[in-house]
Amino acid sequence: MGGLNKVMLIGNLGKAPEIRVLDNGSRVATFPLATTESYKDRDGVRQSKTEWHNIVLWRGLADLAERLLSKGAQVYIEGHLATRKWEDKDGHQRFNTEVVGDNLILLGRSPERNEHISIPTTERMDAPESDGKNDLPF
């Protein structure tokens, strides 16, 4: 049986996306995303817990992030977890787990246009074309 690696997050950007252009011309956007969970403790006092996630968007989604996202923006990110491994300057192994986004929806209102902005999955410009041979039957 195969596995499933899927992440769905709604949160706010901790800072504006950082855009890099790689040697091959691919664009990548990275930014921290805060998700907050609220609950009542045993005494009935409302508590909140914030988790921070490292988000990575490639190619077309990186372009959209650069144009549309800013610090504090509320977004829905759908994607998968990816762990990078590298060796630091002291020779220690380092690991970083990131959410690689496949879909992005800007929630809330655009300050400039005062309207909702949605980036549908059809704009996933980095998805390969299907030849129909390996498609699932459902």
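Residues numbered from 1 in each chain as written. Predicted model: local features only at pLDDT ≥ 70, side-chain atom pairs only at ≥ 80, totals over all residues. Heavy atoms only, no water.

**Details of the overall build of the chain**
Just so we agree on the cut-off: Helical segments are the DSSP runs of H or I of at least four residues, strand segments are the runs of E of at least two, and each set is numbered from the N terminus. Whether a residue is buried, partly exposed or exposed follows from its accessible area with a 1.4 Å probe, protein chains only, as a fraction of its type maximum: under 20%, in between, or over 50%, in that order. Computed with the Shrake-Rupley method and a 1.4 Å probe, the accessible areas treat only the protein chains shown as cover for residues.
Secondary structure assignment for the chain yields one helix and six strands. For the chain, the N- to C-terminal ordering of α and β elements is β-β-β-β-α-β-β. When each of the 138 residues of the chain is scored for burial, the buried share is 30%. Total accessible area computed for the chain in this model is approximately 9,900 Å², and 48% of it derives from carbon and sulfur atoms.

**With respect to the pattern of salt bridges**
Condition: The salt bridge criterion pairs a side-chain nitrogen of Lys or Arg with a carboxyl oxygen of Asp or Glu, the two atoms within 4 Å.
Overall, the coordinates contain six salt bridges when judged by the stated rule. In this structure, K6 engages E78 in a salt bridge whose closest nitrogen and oxygen atoms are separated by 2.7 Å. Of this pair, K6 sits in the segment before β1 (7-13) while E78 sits in strand β5 (residues 74-87), and the two are 72 residues apart along the sequence. Overall, K6 belongs to the partly exposed group, its relative accessible area being 47%. In this structure, the salt-bridge partner of R94 is D88, at a minimum N-O distance of 3.0 Å. Owing to a relative accessible area of 41%, R94 belongs among the partly exposed residues under this scheme. Using a relative accessible area of 17% as the deciding quantity, one classes D88 as buried. Among the ionic contacts, a cluster of salt bridges with common partners joins R27, D63 and E66.

**Considerations on helix α1 (residues 59-68)**
What counts here: Only heavy atoms matter for contacts: two residues are in contact if any of them lie within 4.5 Å across the pair.
For α1, the full list of buried residues reads G60, L61, A62, L64 and A65. Here the buried face of α1 lies against β2 (18-21), β3 (27-40), β4 (46-58) and β6 (93-106).

**Overview of the nonpolar core**
The cut-off we apply is this: For the purposes of this section, nonpolar cores are sets of buried Ala, Val, Leu, Ile, Met, Phe, Trp, Tyr and Cys residues that join through side-chain atoms within 4.5 Å.
Ranked by internal contacts, the top residues of the largest apolar core, which has 19 residues, are F31, L33, I55, L57, L69, V75 and I77. Secondary-structure elements contributing two or more residues to this core are β1, β3, β4, α1, β5 and β6. The element best represented in this core is α1, accounting for four residues. Setting aside its immediate chain neighbours within four residues, I55 contacts L9, A29, T30, F31, L33, I77 and V99.

**With respect to the pairing of β5**
Put simply, the rule is: Should DSSP find at least two bridges between two strands, the strands are taken to pair.
Sheet analysis places β1 next to β5, joined by six bridges and oriented antiparallel. Bridge pairing links I10 to Y76 in β5. Summarising the sheet, β5 and β6 pair through 13 bridges and their orientation is antiparallel. Among the inter-strand pairings, R84 is bridged to a residue of β6, identified as N96. Between β5 and β6, which pair antiparallel one after the other, the connecting turn spans five residues, and G91 there sits at a positive phi close to 85 degrees.

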